[in-house]
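Inside the fold
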Amino acid sequence: MSAPDAPVSPAVCVEHGERQTFCGLAGIVWLHRKMRDSFFLVIGSRTCAHLLQAAAGVMIFAEPRFATAVLQERDLAGLADCNEELDRVVTALLERRPDIGVLFLIASCPSEVIKLDLDTAAARLSAARQGRPRILAYSGSGLDTRFTQGEDTCLAALVPWLPPLETGRSLLVVGALADVVEDQFCRLFGQLDIGPVHFLPPRRVAELPPVGPGTLAVAAQPFVGDTMAALAARGATLVPAPFPFGGEGTRAWFAAAADAWGVAPQRVAAVLEGPAERAARGLERYRALLAGKRISFLPDTQLEIPLGRFLHRECGMELVELGVPYLDRRMLAPELELLPASARLVEGQDLDAQLDRLHADRPDLTVCGLGLANPLEAAGLTTKWSIELVFSPVHGFDQAADLAELFARPLLRRERLLFER
Ligand code: SF4
């Protein structure tokens, strides 16, 4: 591995203008799979229903665990009592689905515009049923959330309901992870003698993890800043760390948690040595393909900074532009220190200006949302859908090569197409 550029945090440019990214409703797609006793009811418009159907329409053969209560013109015009309508819909749903452990009511742009107070409605509906099931509200509205931020608002809504950790201590990993990754992480924490380890979100909401002054909370995703702040308010100690992407990031993440737990550095080195070496070996093949290639990220998932760090430091890619929907320095400070000063870091979006820069830069690979990929491909740019990075298991040592492969694949495809011409 060649030495990466000197790690000096790059300057940040802030842009305001037209944005192109999903709203926070998109989080339902992975959250409903993760929390198997949950149900997500969006109080929204036909647009919200279409987004969910298009993004998560794979539930054809199963009882779906998400739905949209579509606000009609009478609701929007203030002619109907939306709370009565909501009570009726929720009652019908719970009669049909007694298996629901927690019901999330999700605010959308239209429900926010008509100022429907879903927090109060959720408290009223939950109290009327003695908390069985628990009914909570959060916002996935495009007015105030971007894409992965919907997970943050959902998890933050759960924090007040976490049971208190009365005695002892525990480690809480925050941010949805694939089950296979959670299992790998549990094994490594076990070898480090760290435990009990809990995850938020849990696989079943009926088993919410405890929190209190004995909790060490470490984020596995960069977009859970408000959830981490809410955990700190419940007494948890937050562990700052780079995120567990790639061998280096995963090692630093485990080392930070182990250090906070009080594990001896020699023990940490002994446990992490083997997995880190395996990750580095797995990356060799992809490094040969990716090294020296130039990459730009358009702002979408909030994963742009840790993934850019991984691609630069472990795969040798040159970072042209890293766009992020918003820069949460509470979460990203340890990552920013690892970025090269040469990277152009842009917070927010002004789509036209960003596309102009992209066409001038002509990077080898552009990571962008679904809506931009086809026109950019037609303009001769090679693209990667950012949404795949959210849906694929990419955290941890054992997934480092798979993560690199996600970026190598479109480059190989482009080479093949050029060769066949
Ligand atoms: S919440 Fe807003 S941005 Fe999201 S799908 Fe509904 S209307 Fe569109």
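Residues numbered from 1 in each chain as written. Predicted model: local features only at pLDDT ≥ 70, side-chain atom pairs only at ≥ 80, totals over all residues.

**Some remarks on the overall build of the protein chain**
We apply this condition: A helix here means a DSSP run of H or I that spans at least four residues, while a strand means a run of E at least two residues long, and both kinds are numbered starting from the N terminus. Here exposure depends only on C-beta density: within 10 Å of a residue's C-beta, 20 or more other C-beta atoms make it buried, 12 or fewer make it exposed, and intermediate numbers make it partly exposed, the C-beta atoms being placed from the backbone. Contacts here follow a simple rule: the backbone-placed C-beta atoms of the two residues must lie within 7 Å.
Within the protein chain, the regular secondary structure consists of 17 helices and 14 strands. In the protein chain, which comprises 421 residues, the proportion classed as buried is 48%. Here the contacts in the protein chain between residues at least 6 apart in sequence split such that 75% fall between residues at least 24 apart.

**Quick word on the environment of S141**
Along the chain, S141 falls in the loop between β5 (134-139) and α7 (149-158). Sequence separation of S141 and R357 is 216 residues, and the distance between their C-alpha atoms is 29 Å. S141 has contacts with C23, G24, A107, S108, C109 and E112, leaving out every residue within four places of it along the chain.

**Observations concerning the sheet that holds β5**
Under the convention used in this document: Paired strands are those between which DSSP finds at least two bridges. For helices, the axis comes from a line fit to the C-alpha atoms of the stretch in contact; other axes are also lines fit to C-alpha atoms, and the angle between any two N-to-C directions lies between 0 and 180 degrees.
Pairing is parallel in the open sheet, where 4 strands are placed in the order β3-β2-β4-β5. What marks the edges here is a single partner per strand, and that holds for β3 (66-70) and β5. Across the sheet, the mean angle from the axis of one strand to that of its neighbour is 25 degrees, orientation sign disregarded. The sheet contact formed by strand β4 (residues 102-107) and β5 spans 6 bridges and is parallel.

**With respect to the packing of helix α10 (residues 246-261) against helix α12 (residues 304-313)**
The description of two helices packed together rests on the angle between their axes and the distance between the axes. Heads up, the rule is: When describing relative orientation, an angle under 35 degrees is termed roughly parallel and one over 145 degrees roughly antiparallel, while 65 to 115 degrees is termed roughly perpendicular and anything else oblique. When residues are sorted by character, Ala, Val, Leu, Ile, Met, Phe, Trp, Tyr, Cys and Pro go into the nonpolar class, Asp, Glu, Lys and Arg into the charged class, and all the rest, Gly among them, into the polar class.
It is the contact of α10 with α12, at a shortest axis distance of 8 Å, that shows an interaxial angle of 120 degrees. Classified by the interaxial angle, the pair formed by α10 and α12 is oblique. Between α10 and α12, the residues in contact are G246, E248 and G249 and P306, R309, F310 and R313, respectively. For the contact of α10 with α12, the residue count by class is 2 nonpolar, 2 polar and 3 charged.

**A short note on the nonpolar core**
Applied cut-off: Throughout this description, the term nonpolar core refers to a group of buried Ala, Val, Leu, Ile, Met, Phe, Trp, Tyr and Cys residues whose C-beta atoms join them within 7 Å.
Counting 124 residues, the largest nonpolar core has L41, I43, F104, L105, I106, V174 and A404 as its most contacted members. If one sorts the elements of this core by residue count, helix α11 (residues 265-290) sits on top with 7 residues. Ignoring any residue separated from it by four or fewer positions in sequence, one finds L41 in contact with A67, A69, L93, L103, F104, L105 and I106.

**Some remarks on unusual backbone geometry**
Residue R132 is joined to P133 through a cis peptide bond whose omega torsion reads 0 degrees. Here P133 is to be found in the loop between α6 (118-128) and β5. Each neighbour pair has its own omega, and for G195 with P196 the value is 0 degrees, a cis peptide bond. Turning to its location among the elements, P196 is positioned in the loop between α8 (179-191) and β7 (197-200). Positive phi, normally seen in glycine, also occurs at D193, with a value near 60 degrees. As for its position among the elements, D193 is in the loop between α8 and β7. A positive phi angle, near 75 degrees, is found at Q302, a position not held by glycine.

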